[in-house]
Amino acid sequence: MAIPDPNPPTCPAPMKATSNGAFQHENPLDYALPLLIVQIILVVVFTRILALICRPLRQPRVIAEVIGGILLGPSAIGRSHKFLDTIFPKKSLTVLETLANIGLLFFLFLVGLELDLRSIRKTGPKALGIACAGITFPFALGIGTSFAFRATVSKGVDTTPFLVFMGVALSITAFPVLARILAELKLLTTDVGRMAMSAAAVNDVAAWILLALAIALSGSDSSPLVSLWVLLCGAGFVIFAIFAIKPILGFMAKRSPEGEPVKEIYICITMTLVLACSFVTDTIGIHALFGAFVIGIIVPKDGPFAEVLTEKIEDLVTGLFLPLYFVASGLKTNVATISGATSWGLLVLVICTACFGKIVGTVVVSLLCKMPFREAMALGFLMNTKGLVELIVLNIGKDRKVLNDQAFAICVLMALFTTFITTPIVMAVYTPARRGAPYKHKTVQRKDRDTELRVLACFHSTRNIPTLINLIESSRGTRKKGKLCIYAMHLMELSERPSAITMVHKARNNGLPFWNKKQNDKDNMVIAFQAYGQLSSVNVRPMTAISALNNIHEDICTSAHQKRAALILLPFHKHQRFDGTMESLGHAFHIMNGLVLSHAPCSVGILVDRGLGGTSQVQASEVSFNVAVAFFGGRDDREALAYGMRLAEHPGILLTVTKFVTPIGKTLAFGAKLVGVSANKDRKVIKVGDGNNPSEDKQEDDQFWDEFLSVSAKSEGSIVYEERLVESKEDVKNVLGERNRSNLILVGRMSPVAPLVERSDSPELGPIGSYLASSEFSTQASLIVFQQYDPSTDTYPLVMEVSNLPDSSMHDPES
């Protein structure tokens, strides 16, 4: 008779949800809810700090989250048992992983939303061939590598599921991560970017089918009939979803028209369907993730329904829940298990095999498709991007006991390494050449004033639109249609959101930086310009640039060259509050304006908006503005005066030009040494000429002034000019003060005059603009500060001019 154990092992009591508080002598970390809150806060803060550290390396956020998960696990910080037992005790992991997997379900639903099967069906034979090579070659090598694992660190595992899992792990390309990298590197709209996105979409669908096969084969029941039933039921579920669930989603999408909010019940039904289908696929034995992914794929992509679903779900899931999944993975990853020459040798083998399979397979087929070698290499490294799906595959393999701790850790490090190297290597291998045909009219000032004026007008928000439209209306004069062409560019920041749905579809349907050629564009700001263009005789081309603010100037300058603009109009980085003070929109916008000034292929105007014409668009017949030009001399002032002469052609504009002159022997420097910040950030001395020794600029000023006088004589009273003698800075301030009630003031950026304010945080406005932009001068006069294009300072152009290039703008009906 067996003697009973006096101390039988007892299961720990399940964690209660909430505590009674510290005052009741209870530790909140012994209870599920407060512990989960602490875990979420720690994970989010830690991974966001790592993301900031990785940002200069231009790494996607998924890299920081994977590294964060590994560092919090037993590989680094988690080596402290006290830390693990306090923050991530074993009894809390079920709750943590459950919440992480719910977040993962909805993230996979979002990934499905991003994948448009119509674009996959339209995938050309090139992209299809590249995708197939990018899957089959590394899959075959993965199977080969699995034999090395089974002979060393993975002895005794089931052969078939292990082979399939290793093959899938090496052949995946992460579609969402790839979209983010392409957007960061401004490759979305290049041939390489389009090819990579098409191939990655095909790869993604194929990877899920292979993963379903791997899961079906890895069940605890070794009978092949069970695996067959799992696969057949999975296929049946997909057919059911297409024929039964898709019509329901289509009905809800049709009942959600553009411009109206999507009904809350529709959102609720869709999210419940995601959970219900996840339960069904989990019951079948594939994995709950498949149900969510399939529902995401079959949601109709037209209309606002898919976008609203993304907006509702994305921030909460990707901001809070998804990082938990990376930590749950990190807690299973112990890098310390990779010890000894065999383990490290296997790590090197897996990395080399994964890279070799993807890159060589892709490059060979790309070269057979007659792609240039550098583009083929870039495509190979881009297709080598791993990400979240890779981690999902590995975690499922670990949970199903197909991968042991050592094999799991090796594969996680492989995924991390292959994604980390993508951005730096692609930047080194392939920089798309920005080339453009040279063009003639790069300034407003020109000999033939009857030629078309092309302006690239940029805006951040709805606040800028009324002033811009009123300025455009004032600039058109009485000329016939076609003499003024405006490209209205909405500057949108590429956010940290992993969703690529809007970004990718805009990019693939249009060109750099995503020209909006469709009349039903969803951008309401752009619609305002489209409506104005249809009502007026001005040629208005709305478009959108989506980029990180630290390099959006590249899109602005490249677009200006591509569209042969003579003037880039930028909003000032400050806006006026109700009390008249200027409030900054952010340092990033300030930096952007400086970079555009440095690299612009044409003249630049910075618009300080104080509400030109009020807060609404002024009708053409009601335009009645007083415009003032302060003319001190120099090329920038000549540009301001040339624009003023253009405005004066409008019958509702009264132009007042004030020319500042000094007594003989004096200059506008008033004895000070003039130093200005030039376009390329150099602090250069401004040359000033007096009456005794005129400079070259002075001769050009006199010549242009004579031209202005001849125009003024024929202006029929729409131009008034005066010469004012000034002997000090105070005189200049007093004369300018007489114009503080004007609607609009035009000045040059680098006027040869002593600064009127002692300190300015806006050197891009120059000595006069800095004073006129201050609330001390005026709270109602809008201001444009001009910098005329100077070929001699255009030393670092973003677009290389090639004379034998065909001028694409000439053949583009939208240009």
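Residues numbered from 1 in each chain as written. Predicted model: local features only at pLDDT ≥ 70, side-chain atom pairs only at ≥ 80, totals over all residues. Heavy atoms only, no water.

As annotated in an unreviewed UniProt entry, the chain is Cation/H+ exchanger domain-containing protein from Crotalaria pallida.

**Comments concerning the overall build of the chain**
Looking only at helices and strands, one finds 27 helices and 16 strands in the chain. When contacts within the chain are restricted to residue pairs at least 6 apart in sequence, those whose partners lie at least 24 apart make up 80%. When the accessible surface of the chain is split by element, carbon and sulfur atoms take 59% of a total near 35600 Å². (Helix = DSSP H or I, 4+ residues; strand = E, 2+ residues; numbered from the N terminus. Contact = heavy atoms within 4.5 Å. Areas by Shrake-Rupley, 256 points an atom, 1.4 Å probe, with all protein chains shown as cover.)

**Here's the deal with the packing of helix α10 (residues 224-254) against helix α11 (residues 264-284)**
Following both chains from N to C, one finds α10 and α11 inclined at 175°, their axes separated by 11 Å at the closest point. Between α10 and α11, the crossing angle belongs to the class labelled roughly antiparallel. Side by side, α10 and α11 meet where Val230, Cys233, Gly234, Phe237, Ile245, Leu249 and Met252 of the first sit next to Tyr266, Ile269, Thr270, Leu273, Cys277, Val280, Thr281 and Ile284 of the second. Of the residues belonging to the contact of α10 with α11, the class tally is 12 nonpolar, 3 polar and no charged. (Axes fitted to C-alpha atoms, helices over the stretch in contact; angles between N-to-C directions. Parallel < 35°, antiparallel > 145°, perpendicular 65-115°, else oblique. Nonpolar A, V, L, I, M, F, W, Y, C, P; charged D, E, K, R; others polar.)

**A few points about the packing of aromatic side chains**
Scanning the model with the defined rule gives 11 aromatic pairs in all. Each ring, one from Phe632 and one from Phe660, has its centre 4.2 Å from the other, and the planes form 10°; the classification is stacked. Within this pair, whereas Phe632 is found in the loop between β9 (625-631) and α23 (635-647), its partner Phe660 is found in strand β10 (residues 653-661), the two being separated by 28 residues in sequence. With respect to class, Phe632 is no different from Phe660; both count as buried. When the ring of Trp705 is compared with that of Phe708, the centres are 4.9 Å apart and the planes differ by 40°; the resulting orientation is tilted. Taken together, the positions of Trp705 and Phe708, both in helix α24 (residues 696-713) and 3 residues apart, correspond to about one turn of that helix. Chaining the aromatic ring pairs together yields one cluster made of Phe631, Trp705, Phe708 and Tyr721. In this structure, Lys398 packs its charged tip against the face of Phe408, placed 5.8 Å from the ring centre. (Phe/Tyr/Trp six-rings, centres within 6.5 Å; stacked < 30°, edge-to-face > 60°. Buried < 20%, exposed > 50% of the residue type's maximum accessible area, 1.4 Å probe, protein only. Lys NZ or Arg CZ within 6 Å of the ring centre and 35° of its normal.)

**Regarding the sheet that holds strand β15 (residues 782-787)**
One open sheet holds the 10 strands; their spatial order is β4-β3-β2-β5-β8-β15-β14-β9-β10-β13, and the pairing between them is mixed. Lying at the two open borders of the sheet, with one neighbouring strand each, are β4 (539-547) and β13 (719-725). Taking each pair of neighbouring strands and ignoring which way they run, the sheet shows an average axis angle of 20°. Summarising the sheet, strand β3 (residues 484-493) and β4 pair through 9 bridges and their orientation is parallel. (Pairing = 2+ DSSP bridges.)

**Topic: the environment of Glu473**
Examined against the element boundaries, Glu473 turns out to sit in helix α18 (residues 465-475). Accessibility expressed as a relative area gives 3% for Glu473, which makes it buried. With 65 residues separating them along the chain, Glu473 and Val538 place their C-alpha atoms 7.9 Å apart.

**Some details on helix α16 (residues 388-399)**
Counted at 1.5 Å a residue, the expected span for α16 with its 12 residues is 16 Å, and the 16 Å between its end C-alpha atoms agrees. Most of α16 is tucked away: 11 of the 12 residues are buried. Regarding α16, the residues found buried are Leu388, Val389, Glu390, Leu391, Ile392, Val393, Leu394, Asn395, Ile396, Gly397 and Lys398. In the segment just after α16, Lys401 is the residue with positive phi, at about 65°. (Expected span 1.5 Å × (residues − 1).)

**Some points on the side chain of Asp701**
You can see Asp701 is positioned in helix α24. When neighbours within four sequence positions are excluded, Asp701 is seen to be in contact with Phe631, Gly633, Gly634 and Arg638.

**Brief notes about the side chain of Thr451**
Tracing the chain through its elements places Thr451 in the loop between β1 (435-436) and β2 (453-459). We classify Thr451 as buried; its relative accessible area is 18%. Separated by 3.0 Å, the side chains of Thr451 and Arg446 make a polar contact. Beyond its immediate stretch of four places on either side in the chain, Thr451 contacts His441, Arg446, Lys483 and Arg646. (Polar contact = N/O pair within 3.5 Å; in protein donor to acceptor, adjacent residues only side chain to side chain.)

**Quick look at the environment of Asn334**
Along the chain, Asn334 turns up in the loop between α13 (305-332) and α14 (340-368). Since its relative accessible area comes to 24%, Asn334 is described here as partly exposed. Through-space distance from the C-alpha of Asn334 to that of Leu71 is 9.6 Å; in sequence the pair is 263 residues apart. If near-sequence neighbours (up to four positions away) are discounted, Asn334 is found in contact with Pro74, Ser75 and Ala409. At 3.1 Å, the side chain of Asn334 forms a polar contact with the backbone nitrogen of Ala336.

**Comments concerning the pairing of β15**
Most of β15 sits inside the fold, with 6 of its 6 residues counted as buried. Neither face of β15 is open: one carries Ser782, Ile784 and Phe786, the other Leu783, Val785 and Gln787, and all of them are buried. Here strand β8 (residues 603-608) runs beside β15; their pairing, made up of 5 bridges, is antiparallel. Within β15, the position partnered with Leu607 by the bridge is Ile784. Sheet analysis places strand β14 (residues 744-748) next to β15, joined by 5 bridges and oriented parallel. Each residue of the ladder has a partner; that of Val747, found in β15, is Val785. Note on the crossover from β14 through helix α26 (residues 766-772) to β15: the handedness is right-handed. (Right-handed = clockwise from strand over helix to strand, strands pointing away.)

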